[in-house]
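Listed here are the chains, written in short residue letters.
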Amino acid sequence: MDLIEKNPSQSNKLTAQDWLDIAESELAKSGITAVRVEPLAKKLKVTKGSFYWHFRSRKELFEKLLSNWRTRSTVAIIERLSDIELTPEERLRKLFLIPYKRNTRINGAALELAIRNWSQNDKAVQEILNEVDSHRLTFIAMIFENLGYNKEQAEIRAARFYYTMQGISVVNVQKEQASIEQIFETLL
């Protein structure tokens, strides 16, 4: 970004979303310790006052980061996959390929891993992560139930599916889509 700001009264040149974007990028690249106001301000070429124009505190930035991540990587995906006419298999295939396709555009896996690492030292983040994982697993189990599995079998298959999907993205497996789809087929 090439935004220049000399004082908080000019903060309309820079939005809260700009701060969130740079914070998310730094979180994904270097972890939560890199998400500090002064270094972010330097990267944005603005004063720290700009930050406080948009956020009351670093904690508020963290809360918004987590909220945006949860919405974008869980709620929006589930809503999108629920709103379109797909068979359960098609729904699972689209879901399974999201981390693979996301890695080709943005480093979603790095962000996911950074949040998981962050949660190791922050109980509030761990609670949010547990909620996200639970929400995702419940959605996947529901799809397996739609395939005819009983609740217990669906939950076991959902866990295997989810952990494999997460593992592939976190390990950053560089495979062709056909190879990733072959892994998907074995999960069904």
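Each remark here, short or long, concerns the structure printed above.
Rules behind the numbers
- Residues numbered from 1 in each chain as written.
- Predicted model: local features only at pLDDT ≥ 70, side-chain atom pairs only at ≥ 80, totals over all residues.
- Heavy atoms only, no water.
- Helix = DSSP H or I, 4+ residues; strand = E, 2+ residues; numbered from the N terminus.
- Phe/Tyr/Trp six-rings, centres within 6.5 Å; stacked < 30°, edge-to-face > 60°.
- Buried < 20%, exposed > 50% of the residue type's maximum accessible area, 1.4 Å probe, protein only.
- Expected span 1.5 Å × (residues − 1).
- Polar contact = N/O pair within 3.5 Å; in protein donor to acceptor, adjacent residues only side chain to side chain.
- Contact = heavy atoms within 4.5 Å.

K.L.:
Please explain the environment of T87 as it appears in this structure.
P.N.:
Note on placement: T87 falls in the loop between α4 (58–83) and α5 (88–105). In this structure the C-alpha to C-alpha distance between T87 and I143, which are 56 residues apart in sequence, comes to 9.2 Å.

K.L.:
What is the right way to read the packing of aromatic side chains from this model?
P.N.:
Remark: the centre distance and the inter-plane angle together describe each pair of aromatic rings, the angle taken between the planes. Following the criterion strictly, the structure yields eight aromatic pairs and no others. Measuring from centroid to centroid gives 6.1 Å for F144 and F161, while their planes differ by 75 degrees, and the two rings are edge-to-face. Here F144 is found in helix α7 (residues 123–146), whereas its partner F161 is found in helix α8 (residues 151–171), with 17 residues between them in sequence. On the basis of relative accessibility, which here comes to 0%, the residue F144 falls in the buried class. Through a chain of ring-to-ring contacts, three or more aromatic side chains come together here, namely W19, F51, Y52 and F55.

K.L.:
Teacher, can you tell me more about α7 here?
P.N.:
Two residues of an α-helix separated by three or four positions point the same way, owing to the 3.6 residues in each turn. Between its first and last C-alpha, α7 extends 35 Å over 24 residues, near the 34 Å set by a 1.5 Å rise per residue. All of the buried residues along α7 are V125, I128, L129, V132, D133, R136, F139, I140, A141, I143 and F144. With a side-chain oxygen positioned 3.0 Å from the backbone nitrogen of A124, the residue opening α7 is D122. Note on α7: the residue one or two positions beyond its end, G148, has a positive phi of about 105 degrees.

K.L.:
Would you take a moment to explain the side chain of S119 for this structure?
P.N.:
Here S119 shows up in helix α6 (residues 108–119). Polar side-chain contacts of S119 include one of 3.2 Å to the side chain of Q126. Those residues in contact with S119 that sit more than four places away from it in its chain are V125, Q126 and L129.

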